[in-house]
Amino acid sequence: MVEDPDTDQACLACGLTAGTDFLPGGPILRTGTWVVEHCVGPLGLGTLVVKPIRHVIHVADLTAEESGELGPLLRRVSSAVTETMEPEQVYVCLWSHAGAVPGHIHFVVQPALKDDLARYDAYGPALQMAMLEAGQLPDEAAVADVCARLRTVLAAG
């Protein structure tokens, strides 16, 4: 992990981007100011994280360039997730806490798949909470396959 300069604690988001922490599937897309990676937590196959390359803990601290790229990038990534995963819906939400401390902001782009909706009998934030509580990580080989497919879709669009 890379140290968070604001708290002197380790920042997993920075470590994944820097390559010092293992990232199943590897990076998917990198723009001038953002990186897209598969989620390392238990939010299911095809769930992506869109985060600023530099360490940022508040949306209000994004630069004009970062904020200018954000909307089009979230639309592009959501479209790629839709095409690749064929979900009922794609959830996009901001997360920014590591424990009880504000951390590196990241947008979670999560396909709400029929199987997950049925398995957890939940949707929206309740689905995310149920998946987090279950703690089931997606298979690394499946993550690598989905990441490769997403790279292809994102490169084409």
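Structure shown above.
Residues numbered from 1 in each chain as written. Predicted model: local features only at pLDDT ≥ 70, side-chain atom pairs only at ≥ 80, totals over all residues. Heavy atoms only, no water.

A.B. asks: I tried to follow the pattern of salt bridges on my own but got confused; where do I start?
C.D. replies: Between side chains of opposite charge, pairing is possible as soon as their charged atoms come close. Under the criterion given, the structure shown has five salt bridges. Put simply, Arg119 and Asp116 hold a salt bridge, and the shortest N to O gap is 2.5 Å. In this pair, Arg119 and Asp116 are both assigned in helix H3 (residues 114-120), three residues apart and thus about one turn of the helix distant. Judged by relative accessible area, which is 8%, Asp116 ranks as buried. The closest approach of N and O atoms between Arg149 and Asp145, which form a salt bridge, is 3.3 Å. In this pair, Arg149 and Asp145 both sit in helix H5 (residues 140-156), four residues apart, roughly one turn of the helix. A residue is classified by how much of its surface remains accessible, and Arg149, at 36% relative accessible area, is partly exposed. (Salt bridge = Lys/Arg side-chain N within 4 Å of Asp/Glu carboxyl O. Helix = DSSP H or I, 4+ residues; strand = E, 2+ residues; numbered from the N terminus. Buried < 20%, exposed > 50% of the residue type's maximum accessible area, 1.4 Å probe, protein only.)

A.B. asks: Looking at this model, I keep getting lost on the nonpolar core. Mind explaining?
C.D. replies: Side chains of nonpolar character tend, in soluble globular proteins, to be buried together. Ranked by internal contacts, the top residues of the largest apolar core, which has 26 residues, are Ile28, Val36, Leu48, Val50, Val77, Val81 and Val109. Elements represented by at least two residues in this core include exactly strand E4 (34-38), strand E5 (48-52), helix H2 (64-85), strand E7 (101-112) and H5. No other element matches the seven residues that H2 contributes to this core. Apart from residues no more than four positions distant in its own chain, Val109 is found in contact with Gly46, Thr47, Leu48, Val50, Leu74, Val77, Ser78, Val81, Val90, Tyr91 and Val92. Of all hydrophobic cores here, the second largest spans twelve residues; its members include Cys93, Ala112, Tyr120 and Leu127. (Core = buried A, V, L, I, M, F, W, Y, C linked by side-chain atoms within 4.5 Å. Contact = heavy atoms within 4.5 Å.)

A.B. asks: I tried to follow the pairing of E5 on my own but got confused; where do I start?
C.D. replies: Among the five residues of E5, five are classified as buried, and the element is accordingly described as predominantly covered. Side chains Leu48, Val50 and Pro52 project from E5 onto one buried face, and the interleaved Val49 and Lys51 project onto a second face that is buried too. Relative to E5, E4 runs antiparallel, the two sharing five bridges. Bridge pairing links Trp34 to Pro52 in E5. Taken together, the three bridges between E5 and E7 define a ladder with antiparallel strand orientation. Bridge pairing links Leu48 to Val109 in E7. (Pairing = 2+ DSSP bridges.)

A.B. asks: What's the story with the environment of Asp115 in this structure? I'm lost.
C.D. replies: Here Asp115 lies in helix H3. Separated by 28 residues in the primary sequence, Asp115 and Pro87 have C-alpha atoms spaced 9.5 Å apart.

A.B. asks: Sorry, what's going on with H2 here?
C.D. replies: Structural remark: α-helix, 3.6 residues per turn; residues separated by three or four positions point the same way. With 22 residues, H2 should cover 32 Å at 1.5 Å per step; its first-to-last C-alpha distance of 32 Å lies within 8% of that length. Of all the bends in H2, the largest measures some 30° and sits at Leu70, one to four residues before the proline Pro72. Where H2 is concerned, the buried positions are Glu66, Leu70, Leu73, Leu74, Val77, Ser78, Ala80, Val81, Thr84 and Met85. Looking at the residues trailing H2, positive phi occurs at Glu86, about 50°. (Expected span 1.5 Å × (residues − 1). Bend = angle between axes of the 7 residues up to and from the residue.)

A.B. asks: Mind showing me how you'd approach unusual backbone geometry here?
C.D. replies: With a phi close to 50°, Glu86 is a non-glycine residue in the positive phi region. Among the secondary structure elements, Glu86 is positioned in the loop between H2 and strand E6 (89-98). The class of Glu86 is exposed, set by a relative accessible area of 68%.

A.B. asks: I would appreciate a short explanation of H5 in the present structure.
C.D. replies: The terminal C-alpha atoms of H5, which comprises 17 residues, lie 24 Å apart, in line with the 24 Å expected from a rise of 1.5 Å per residue. Among the residues making up H5, those that are buried are Val143, Val146, Cys147, Leu150, Val153 and Leu154. Take H5 and look down its axis: the buried residues cluster within an arc of 125°, on one side only. In H5, the exposed positions that point more than 90 degrees away from the buried face belong to Ala141, Thr152, Ala155 and Ala156. (Arc of directions from axis to C-beta.)

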